[in-house]
Each structure stands twice: as C-alpha cells, then as structure tokens.
Amino acid sequence: MSAPPARRTAAAAIVDERTSSAPALRKALRYLFPDHWSFLLGEIALYAFITLILTGIYLALFFHPSLAKTVYHGPYAPLRGAQVSEAYKSVIEISFSQKAGLLIRQTHHWAADVFVVAIVVHLMRVFFTGAFRKPRELIWLIGLILLFTSLLEGYLGYSLVDDLLSGMGLAIGYSVLLSVPIIGGPLGLLLFGAPFPGKDLFESRMYIAHVFLLPALLATLIGVHLALVAARHHTQFRRDRRHTERKLVGVPLFPGQAPRSLALMLVVAAALLLLGGLVQINPVWQWGPYEPWLASNGAQPDWYLGWLIGALRLMPSFDVVIGHYTLVPNPFWGGAGFPLFVLLVLAVFPWVERRLTGDRLAHNLLDRPRDAPTRTAFGVAFLGWVFLIFVFGAADRVYVLWGISYETLLNVFRVAIWVLPLGAFFLVRRLCRELQASERIELERERAEAEAAQVEAELQAQARPVV
Amino acid sequence: MSIWRWLAGAAVLLIGRILRRRRVSREDAGKSPRETSADRTQERRNVPEWAPARGTELVVAVLLLLGGLFAAGFVVVYAEFSAAKLPNELLGACIALSVAFIALALALFAHRLVPTEELEEDYPQEHPEEQREVAEIVASAGSRITRRRLLLGTGSIAGGALGLATLAPVLSLGPLWYTAPLFRTPWRRGTRLVDESGRPLSAAVIQEGSYYTAFPERGDRENIGAPLVVVRVEPSQLRLPAGRAAWAPLGILAYSKICTHAGCAVALYRKPTFRVVEPEPALVCPCHYSTFNPATGGSVIFGPAGRPLPQLPLMIDAAGNLRAAGNFSGPVGPSWWGVRLGRAR
Amino acid sequence: MSRRRLIPLATALAALVGAALTLAQPQSGIVRPTTEPPRESVKLGAELYAGNCASCHGIAGSGILRPRPGAGNVIGAGPPLKGVGAAAADLYLRTGFMPLPDIHAQPELRRVLLSDKEIRSLVAFVASLAPGPAIPRPDPAAGSLASGFSLFTEHCAGCHQAVAQGGFVTGARVPPLHGLTAVQIAEAVRIGPYLMPRFSAAQISDAQLNSIVDYVLSTNRPDNPGGWAIGNIGPISEGILAWLTGIMLAIACIGLGRRLKR
C-alpha cells in the first residue's frame, strides 16, 4: 500500500526549495529507455568501473608506491629473505597478510579485465547498429577515448606491482616510446626520467597517473558520455510502427528501468566478487620481483594488450634506416602504429560512412546489422583482422599445448591476417544482402497471399445472393 | 505498571491493527482498481496502478533476508579467521552470494512489483531559433570591435605562449633533447666481470654449452647497460664481424643481456647436443623470440629485432679473470632515432 | 537382416576387431631378446642397445655423424655415447626421450616402453663404454625453497617459465617440469638434454642444485591462495575467463531487459 501522498510531497518540497531541481527531476524520472537488452551493455562497463573505484580506494590505502629495496620476511616461503621493492612487498602483504586483501585485489584486477570486455562488446553493438551516426558522433569519439584510456590505465595498474611479468611489460612500453620516430628517445627519457628502468620516481609517476589522473579523466569522460546520451536520448530499434525517427518508445527510468539497472549493477558486482574470491588472477608471488636482467618464458600482457604483443611478434625484422638515422625502429609498427591506426579508422568511420553513402541525415533509429551490409562486412573484416593478430599473440602457448610449431604458425598468420578478413568482408556482405533479399521475398509472399485471400473473399461474397 | 499489563496492551494494539488491515483489504478486494484509487486520491496519476503480486513480495523479502544473511556471514568469516588462514574462496563466496541475492530480489522487484510502462515521447528537436540567437548574440557582442584580426592574432600569441609556459615545468620530468644518457653504460676498459653474487668471473669457469649472467664489478646493476650474457663457443666456429677478432679470447663471448628489440632480458640459450640435426647455439629473448647468433657477433637470425645484440670485447687478466676490453659494439637496449649515430660510452 | 545392412555392419565389426588386435599387440618399437635374464646386466644392456640404439648411435656408442639408412630402412644419426655416463642414459631413458622415432623429432616426455630392469641394463652398458658422470643424488630437503626460487628464476625461468609450465625457445618446445623426479631434474641440469644448456658444478653447486630441485618439485603444487589457478600460465587464461564472464553478463542483460508480455 503506498503511503499517503502528503509525506512524499513534503520531502520533494524540502529538496526542491533548496536545489530547485524538481523540474529536472521530473524529466529525469521519466526519461525513456528503449525496449531492448543491448542498451544495458554499456552499463556493465559503468558498473565494472564503479567496482574498480571502490576496490581501488582500498588498495591505494595499503599499497606502497616505492621502488626502494627491502627484504621480505612474511609467510610466503619462496620469497623469504628475498630482496624486493617496497611496492612488491606491499602487494605480497596485501595478498597474504591482510584479511580480505587478496579478495579485493583480485576483484579489482578481474574488474579491470571485464571492464574492457564490456567496453569492446558495447562498441561492437554501437558499431553494428549504426548508433554512432549523426547526431551521436561526439559520443562515439568520447567512447573511443575512454577505451584507449582504459587500456593505458589497466597497463599502469598492473605495472605498479613491480613483479617480473609486469616489469618485462614496462620494458616493452619503454621501447615503444623510444621507437616513436625522431622524438622517441627524448620522449622515453622524459616520461621515465632516465634510461630504463628509469628513476625510482617513475613508480610514483605511474601511481599518481593510475590512482588520480586517469581515473579523474575516465570519470569525467564517462559523465560527459552519459550526459550526451541523455541529451540526445537513446537510439531505438524499429520494432513496430510506433518507433520512428521522431518518437521514442520506451520504459521510463522510474519506476521501470531503475530497479533493473540497479539489479544489473549488483549482478556485475556479484560476478566480479565471485571471480575475485574463487579464481586466482595475477599471482605475483609466483612470478617473483622484477630485475632488468631476469625474464620468464610465457610472459604476456593482460588480454586487452594482447593485440599489441601479437603485432610485435608478427613483424619481420627491420628498422627503417636512412643513412645513420633510425627513422622507424621495429617496435613502432606493432606497439604504436598498429593501435593508432585502429583508433584512427574507428574514429573517422562515422564521417567516412557519411561520405561514402551520402547519408547526411540525423538518425535515431538503429539498423539491424543486415540493413547495412557494407558497414557490417567492414566491421567484421576489420575487427577480424585485429582479432587474428590478437590470437597470434598466444601462438607460443598453442605450440606448447597442441604441438603446432611456432614458426609454422608465424608463416601461416602472416598471410592469414590479410586473406581471411578480405574473404570475410565479401562473405558477410553477401550474407547480409541474402538476408535482406529473403525478407523482401517473405514480405512479397505475404502480400500476395493477403491479396489472394481478399480476392477469394470477394468472389465468395458475389456468389452468395445479398439478403 | 507491571510488565504483563504492558504486554497485554501491546498485544491488543497489534491485534487491532491486523484486524483493521484485514477489514480494509476485504473492502478493497471487492472494488475495481479505479475505485480504490479514486478512494485514495483525487489527483491525476502519472504511474498507472497495477495489480499487486503478494506472493512475489514475500519471495523478494526472503531473498533480501538471504542477502543480509550472507553479508553477515562475510563479517563473521572475516572476524573468525586470522589473516594467514582466511580462506579467500569462502570470503568471496559469502559477499558475492549476498550481493547476488539482493540483485535477484531487485530483478524480481523490477519485473513484478513495479509497473513497467511503455511510453512514447518525442525525440529532442533541433533548436534553429536558439541556434540563431546564440550566433547573433556572439556576433552582435563583437560588433563593437574594429581591429578583429589584430586582437585575435595577439590573443592567440598570448594564449599559446601562456599554454607553453604552463607546460614548461613538464620538461623537468626528465632530460629533453639530451639523449646522451641512452649511450652510457657502466663498462670501461678493465672493468672486471662478476657474477650475481659479486664473485669475479674466471675464464676457466666458462664452459661451452652453458650461459652465464655477468655484471660490472662497480656500477648500478639495474642500468640496462650493466647485465651481460657470457657464452663460450669453439674458436673455430667464430665468424665475428671485422675488427672483433680479439674480442673473444678462448672463444668466450660477452653480449648485452638486454634485447635490442623491446628491452627484455635475453634469458634463453639453446645449445645443440647433436649439431647434425639440431640448430646452432643461439641466445633467444622470451618476449617476441628475437634470436641472436653469438658466433657471428650477435646477428639476428629469427624474430623482429632490428639490430644485432651489442657485443662487449673481453680480455683475460693475469689472474685468469674476465675483464672488459672496451665498451659495447653499439648502444645497449631498444633502438631510437639516434641509435646508429653514436657509440656506447 | 538384409544384405545391404549386413555389409557395412560387417565392415565396421572387422575394423573394430582389427583396431583391438593392433592395440593389443605387445609394445611396438622395442626390440628385446625373447628370453631376458632375471637381473639387470651389462650383457642385456648390450643386446638391447644393439637392437634399439645402434642404428642411430653406432656400434659401441661411437655415434653416426651422417644420417644414413640403417636396419629396417630407418634413417639413423646420433651423437656418440662414449663418455656420456650413467646420468645421461638414465635421464634419456627414464623420461622417454629415447628411443626417438625420427632423428628430426624433438625428444619429448613420452610413455616409457622399457622396463626398469631393461633401463638399468642399458645404463650400465652406456656407463661401461667410457667413464662419465654418475647418476646424481640430489637432496631437495637440504635445499632452501627461497634460494631455489631465485636460482630457478635466474637460470631456468627464461625457458621453463616462472612456475615451470614450459614454453617455447626458437626451434623447440620447452617441456613443463611437472611429474619429474628429483633425480631426473638434477640429471637434466647437469647434462643439458637436447637444446637445454648444461650447468656444471662450477656454475651451480650441488647445494644450489638441491635448492633448485626443491623449488621445481614444489611447482607440482604451487601456492594458489587466490582460488582456482586456471593453469598457472598467466593472462591468457585470465583473458579467456574475463570474456566468458562478459558474455554471461550480456546474457544477464537479456534476462533483465525482458519486459512482461503485454
């Protein structure tokens, strides 16, 4: 039974008198969300981000961002007496000597991995339904910046620990900086403070970037991203005749959508906590502390940077040299050129599509993937190209598990990453067109049948004398 | 008053409340939804009234209670075990289940206990009037200015200069156009090689078929110019580049341990047991599998590295220990613009 | 039953019987004397050597340095075994590295087809060819886990991975070290089988070897307080699981997004 309205009105009055927010609140409460589950995918990323913030605050209170050398004397036997950095030691202590420390640390790391998964899945939804078209190009660009910023944020996060695995990754990051044409040397020295491993201060720089600068940037961009979505309202699928470019049909935020979104937030949190409790991630005590002269086989970055290691490994051996000037050192192609190229292609896509299709109208209705065969085919081919490069990054493990030699895989993939996406482009485009054609045929058939039925009915009516 | 009187009074009030509620709902049950709402309020409803689902309400309540139970379980497990014995799985399962039950309760709440309306609304329209007004306001505000280009030009100069000035302190993060540190290594002619524990590396100890990590006796080990990988090759197998004939006494070779591709430690060495069917000795980097041939001066035989591994010339001193006979054949570590412009120093 | 159904049925049955017979045959690939003496002996070793090893390793372990067809038209080539000692023979035989089916194949951990007596005999025979290193007797209990971890990271992890999960070096697969005995680990370190470097006592002392063996044995049960270790190989399996979680969350979206039927 609902409470008498008087009490509720009084509460609203108290708030509105001081904030003048009642009109905004009124509009916000009845903001419409379209009736399709795919709009919740972006929310998964948002809730993973919130989990990251909450678990991150806890970790930041116990982490010691210093590379000063110390000796570990804790419960983990293989490290006892080992000389490690303060940063590494504080993470081992969080994992072994602090109640719930390991749970929160693992939840944080799983949240980071799932955060980027959600962004990528959301990006694919937005791309394949054409939601990036006018008037939402700015939202698309902000989303891309969010994606690439979160890659950097995650990389810095796990590199703070100063373990062997992430230390090797930092060396690679340094080499990619150095490989930037002309300015790479000074750029690397500027950020690291000195040749690798850089000044001890570099740890502190990563820390500030990871716990303050980048989260602030991410939070701001997420805020702008959501505000722009709300300002232009969500796009929608054309489910029936009511859904048009002008009219949005959907479920209001309150009371329909809010509990659903809250439930999703808790589901995401529950999933991440479950992973954090039950599945081990980044066991830094098994890798050991980092020293520049140590390395381990099977070193991989976190999954969202796997496309870069694949590209770095696929490249043939050459530096672009002009005279004695090394214009483009080898790691540039796989480590910087490749991701920047992907970012560029995705960023300009809305405008390229506008140019190529001549469609300059604003769109609030979404395409089904089959409604835009060329876009869908291009998306599949382009993402397929990135995906194949990503898969090659694990080729050494494939060799260990299934015996297909690394050298064979290398030669096969060097060809496959070009041939397969090209084939996929034509295949998918054909598939989309076939699906569209079959729908048209279906529609024609129904119309013909309806006509035939009508004619039949008229004949029947004529045959019977009118009473 | 005695406690019994208090209890009796409370019981009467409670029973009276329950009876009254039953009476009200019995009255409502006979009426249509519209009549009940008309009874309660004369105002317009924004959210339509939907029939209640009392069974679901109980289920939601139970789920919420379970959620609370598991959350309490989390606190109990947290308090009960010491840090060393705390089972991560139990802790994680408790809190995850608690959140999951509350999530389930919310989902049921959303599906069954609140109305899910489907409303229509216009998309926000263009605002050509306001766009024009904005443009007009800006234009007319600027109509007083006569030297527009002068002000814009000087404004950009001021803004640009101020921006650069704000960024200037960033340049102190590290050396800027000064890339000399990239060439520096701690090795000098005569620097003695030591192993991980600081003992001098004797030439007699270096055997074929294995590889050794060495450091300069003095200097920062963490500098990437410091670590070496030392191997021994049958002198007749050596095919070193010109001018390096004396760099490998007794076939003992020293190379920088830092890969010239992306800076990982070249910590793999393969040595053939049976050269007839097995590949030649090679130093391999585990990051992207750049493979270097020690017998030919560290040249790249597989993988993406663009530069051979820098070689350190060796000499054997009077005590039989290995010493550097100079600096590396090239700068150590990953390549940059000027890597072929200078020598390691 | 009709003739049409009978023929395929009979063929399938014949194939099954054939397969069973093939599998039921005594271990192929080992040539052994019809009657073996009850105890190991150098003589038995010599006989087994002649039947299984000489085609690649030559008469009396002198080696065959140029691949040439031997008995049964198998192309044979192999390093000399004179002076490799009991340690090498013991390692290669007990791990199943040898016999090798093809001279270009990589020796891998395989099911051992020889009996313990046969292995001892062969080891005694190889040791008798010329003086060589004896089978080491490591004492992992005397080693320190902490020092073993640091030594393993320094000398071994580059190929074998930080927790001995194996990996890749150009031209070969590096095996994981799980399931090996202390003796086998010590032998491998001293001998350097196949492409592995060999570490002498001057480089890794016996005490250090004890610690390394202690650590490698501990990697059979690594410390996984975080829960299910998903293979202990790092971010590849973590990424796979993150994607599975993401997909399941997307499915949850489908469930949450479903409206009531009107």
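From a predicted model like this one, the values you see are computed outputs, not experimental measurements. (Residues numbered from 1 in each chain as written. Chains lettered and ligands numbered in written order. Predicted model: local features only at pLDDT ≥ 70, side-chain atom pairs only at ≥ 80, totals over all residues. Heavy atoms only, no water.)

(A) Layout of the overall build of chain A. A tally of helices and strands in chain A yields 16 helices and 6 strands. In terms of overall dimensions, chain A has a C-alpha envelope of 105 × 70 × 40 Å along the principal axes. Among the 467 residues that make up chain A, the fraction classed as buried is 56%. Total accessible area computed for chain A in this model is approximately 20700 Å², and 70% of it derives from carbon and sulfur atoms. Seen as two clouds, the 41 positive and the 33 negative side-chain charges of chain A have centres 6 Å apart. (Helix = DSSP H or I, 4+ residues; strand = E, 2+ residues; numbered from the N terminus. Buried < 20%, exposed > 50% of the residue type's maximum accessible area, 1.4 Å probe, protein only. Areas by Shrake-Rupley, 256 points an atom, 1.4 Å probe, with all protein chains shown as cover. Lys, Arg positive; Asp, Glu negative; His and termini not counted. Charge placed at Lys NZ, Arg CZ, Asp CG, Glu CD.)

(B) Region of interest: the sheet that holds strand β2 (residues 193-194) of chain B. One open sheet holds the 5 strands; their spatial order is β2-β3-β4-β5-β10 (chain B), and the pairing between them is antiparallel. Across the chains shown, the open sheet's two edge strands, defined by having one partner strand only, are β2 and β10 (311-312) of chain B. (Pairing = 2+ DSSP bridges.)

(C) Representation of the interface of chain A and chain B. Chain A puts 92 residues into the contact, and the matching count from chain B is 82 residues. The contact between chain A and chain B buries some 7500 Å² in all, and 64% of this surface belongs to carbon and sulfur atoms. Together, Lys99, Leu190 and Trp293 of chain A form the three largest contributors to the area buried by chain A at its contact with chain B, with a combined 11%. Between the two partners, chain A and chain B, sit 6 salt bridges. Across the pair Glu120 of chain B and Arg242 of chain A runs a salt bridge whose closest N-O atoms are separated by 3.8 Å. The interface formed by chain A and chain B includes 30 residue pairs in polar contact (both at pLDDT 80 or more). For the side of chain A that touches chain B, the leading source of residues is helix α10 (residues 253-278) of chain A, giving 15 residues. Here the residues of the side of chain A that touches chain B sort into 50 nonpolar, 24 polar and 18 charged. Across 4 bridges, strand β4 (residues 247-252) of chain A lies against strand β1 (residues 119-122) of chain B in antiparallel orientation. Among the inter-strand pairings, Leu248 of chain A is bridged to a residue of β1 of chain B, identified as Glu121 of chain B. (Contact = heavy atoms within 4.5 Å. Buried area = accessible area lost by both parts, 1.4 Å probe. Salt bridge = Lys/Arg side-chain N within 4 Å of Asp/Glu carboxyl O. Polar contact = N/O pair within 3.5 Å; in protein donor to acceptor, adjacent residues only side chain to side chain. Nonpolar A, V, L, I, M, F, W, Y, C, P; charged D, E, K, R; others polar.)

(D) Expanded view of the state of the cysteines. In this structure the tally under the stated criterion is 1 disulfide over all chains. Each sulfur of the disulfide joining Cys264 of chain B and Cys287 of chain B lies 2.0 Å from the other. Here Cys264 of chain B and Cys287 of chain B share a disulfide; its torsion about the S-S bond, -95 degrees, makes the bridge left-handed. In this pair, Cys264 of chain B sits in the loop between β5 (252-256) and β6 (268-270) while Cys287 of chain B sits in the loop between β7 (282-284) and β8 (291-293), placing the two residues 23 residues apart along the sequence. Accessibility assignment for this pair places Cys264 of chain B and Cys287 of chain B in one class, buried. Free cysteine Cys285 of chain B: the closest other cysteine sulfur is in Cys259 of chain B, separated by 3.9 Å. A residue is classified by how much of its surface remains accessible, and Cys285 of chain B, at 2% relative accessible area, is buried. The cysteine Cys159 of chain C is free of any disulfide, with Cys156 of chain C supplying the nearest cysteine sulfur at 9.0 Å. Note on Cys159 of chain C: relative accessible area 14%, which makes it buried. (Disulfide = S-S within 2.5 Å.)

(E) Expanded view of the sheet that holds β4 of chain A. Read across the open sheet, the 3 strands follow the order β1(A)-β4(A)-β1(B); overall the sheet is antiparallel. The open sheet terminates on both sides in strands that have one partner only, identified here as β1 (32-34) of chain A together with β1 of chain B. Across the sheet, the mean angle separating the axes of adjacent strands is 60 degrees when strand polarity is ignored. (Axes fitted to C-alpha atoms, helices over the stretch in contact; angles between N-to-C directions.)

(F) Expanded view of the interface of chain C and chain B. Taken together, the 37 residues of chain C in the interface contact 32 residues of chain B. When chain C packs against chain B, close to 2800 Å² is buried across both sides, 59% of that on carbon and sulfur atoms. Its largest share of buried area at the contact with chain B, chain C owes to Thr170, Leu195 and Arg198 of chain C, together 20% of the area lost on that side. Taken together, chain C and chain B are joined by 0 salt bridges. For the pair chain C and chain B, the interface holds 15 residue pairs in polar contact (both at pLDDT 80 or more). For the side of chain C that touches chain B, the secondary-structure elements that each account for two or more residues are β1 (64-69), β2 (75-78), α6 (145-155), α7 (157-160), β3 (167-169) and α10 (235-257) of chain C. With 3 residues, the single largest contributor to the side of chain C that touches chain B is β1 of chain C. Of the residues assigned to the side of chain C that touches chain B, the class counts are 20 nonpolar, 12 polar and 5 charged.

(G) Focus on helix α13 (residues 331-357) of chain A. Residue and element names in this part refer to chain A. With 27 residues, α13 extends 37 Å from end C-alpha to end C-alpha; this agrees with the ideal 39 Å at 1.5 Å per step. The principal kink in α13, of about 50 degrees, is found at Phe349, preceding the proline Pro350 by one to four residues. One or two positions beyond α13, positive phi appears at Gly358, with a value near 70 degrees. (Expected span 1.5 Å × (residues − 1). Bend = angle between axes of the 7 residues up to and from the residue.)

(H) Inspection of the packing of helix α5 (residues 101-128) of chain A against α10 of chain C at higher detail. The N-to-C vectors of α5 of chain A and α10 of chain C enclose an angle of 55 degrees; their axes lie 9 Å apart at closest approach. The orientation of α5 of chain A relative to α10 of chain C falls into the category oblique. Note that α5 of chain A runs across α10 of chain C; the crossing there is right-handed. Together, Trp110, Asp113, Val114, Val117, Val120 and Val121 of chain A of α5 of chain A and Glu238, Leu241, Ala242, Trp243, Thr245, Gly246 and Leu249 of chain C of α10 of chain C make up the contact between the two elements. Grouping the constituent residues of the contact of α5 of chain A with α10 of chain C by class yields 9 nonpolar, 2 polar and 2 charged. (Parallel < 35°, antiparallel > 145°, perpendicular 65-115°, else oblique. Left-handed = near helix turned anticlockwise from the far one by under 90°.)

(I) Focus on the pattern of salt bridges. Residues and elements named next belong to chain A. Scanning the model with the defined rule gives 35 salt bridges over all chains in all. Glu439 is the partner of Arg368 in a salt bridge, and the nearest nitrogen-oxygen pair spans 2.7 Å. Within this pair, whereas Arg368 is found in the loop between α13 and α14 (373-392), its partner Glu439 is found in helix α16 (residues 406-463), the two being separated by 71 residues in sequence. Relative accessible area serves as the criterion here: at 33%, Arg368 is assigned to the partly exposed category. Exposure remark for Glu439: the relative accessible area of 28% places this residue in the partly exposed category. Through salt bridges that share partners, Arg133, Glu353, Asp367 and Arg375 make up one connected network.

(J) Up close: the domain arrangement of chain C. Residue and element names in this part refer to chain C. Assigned domains within chain C: domain 1 (26-129) and domain 2 (140-221). Each of domain 1 and domain 2 has a C-alpha centre, and these two points are 25 Å apart. Overall, the association of domain 1 and domain 2 removes approximately 1000 Å² of surface from exposure, summing both partners, and the carbon and sulfur fraction of that is 61%. Looking only at domain 1, the three residues that lose the most surface to domain 2 are Leu91, Gln106 and Leu109, adding up to 45% of its buried area. Where domain 1 touches domain 2, the interface holds 1 salt bridge. The residue Arg173 makes a salt bridge to Glu108 at a minimum N-O spacing of 2.8 Å. (Domains from an automatic or database assignment.)

(K) Molecular detail of the environment of His261 of chain B. Counting through the fold element by element, His261 of chain B comes out in the loop between β5 and β6. Residues His261 of chain B and Pro308 of chain B, spaced 47 residues apart in sequence, show a C-alpha to C-alpha distance of 9.3 Å. Among residues more than four places away in sequence, those in contact with His261 of chain B are Ser175, Leu312, Asn330 and Pro331 of chain A together with His288, Ser290, Pro304, Ala305 and Pro334 of chain B.

(L) Examining the packing of helix α6 (residues 137-159) of chain A against helix α7 (residues 164-178) of chain A more closely. Residues and elements named next belong to chain A. Two numbers describe how α6 lies on α7: the axes approach to 9 Å, and their chain directions differ by 130 degrees. As the angle between them shows, α6 and α7 are arranged oblique. Where α6 crosses over α7, the handedness of that crossing is left-handed. For the pair formed by α6 and α7, the contact residues are Tyr155, Tyr158 and Ser159 on the first element and Ser166, Gly169, Leu170 and Gly173 on the second. Counted by class, the contact of α6 with α7 contains 3 nonpolar, 4 polar and no charged residues.

(M) Layout of the packing of aromatic side chains. All names here are of chain A. As enumerated under the stated definition, the model contains 53 aromatic pairs over all chains in all. Seen in terms of ring centroids, Phe382 and Trp385 are 5.8 Å apart; in terms of plane orientation they differ by 35 degrees. Their pairing is tilted. Remark: Trp385 and Phe382 occur in helix α14; sequence separation between them is 3 residues, near one turn of the helix. The exposure class of Trp385 is buried, given its relative accessible area of 10%. (Phe/Tyr/Trp six-rings, centres within 6.5 Å; stacked < 30°, edge-to-face > 60°.)

(N) Just the confidence of the model for chain C, in detail. Residue and element names in this part refer to chain C. Residues with a pLDDT of 70 or more make up 92% of chain C, whose mean pLDDT is 89. The least confident element of chain C is helix α1 (residues 3-24), whose mean pLDDT is 72; the most confident is helix α9 (residues 206-218), at 97. Both confidence scores are given for the complex: pTM 0.90, ipTM 0.92. (pLDDT = per-residue confidence, 0-100.)

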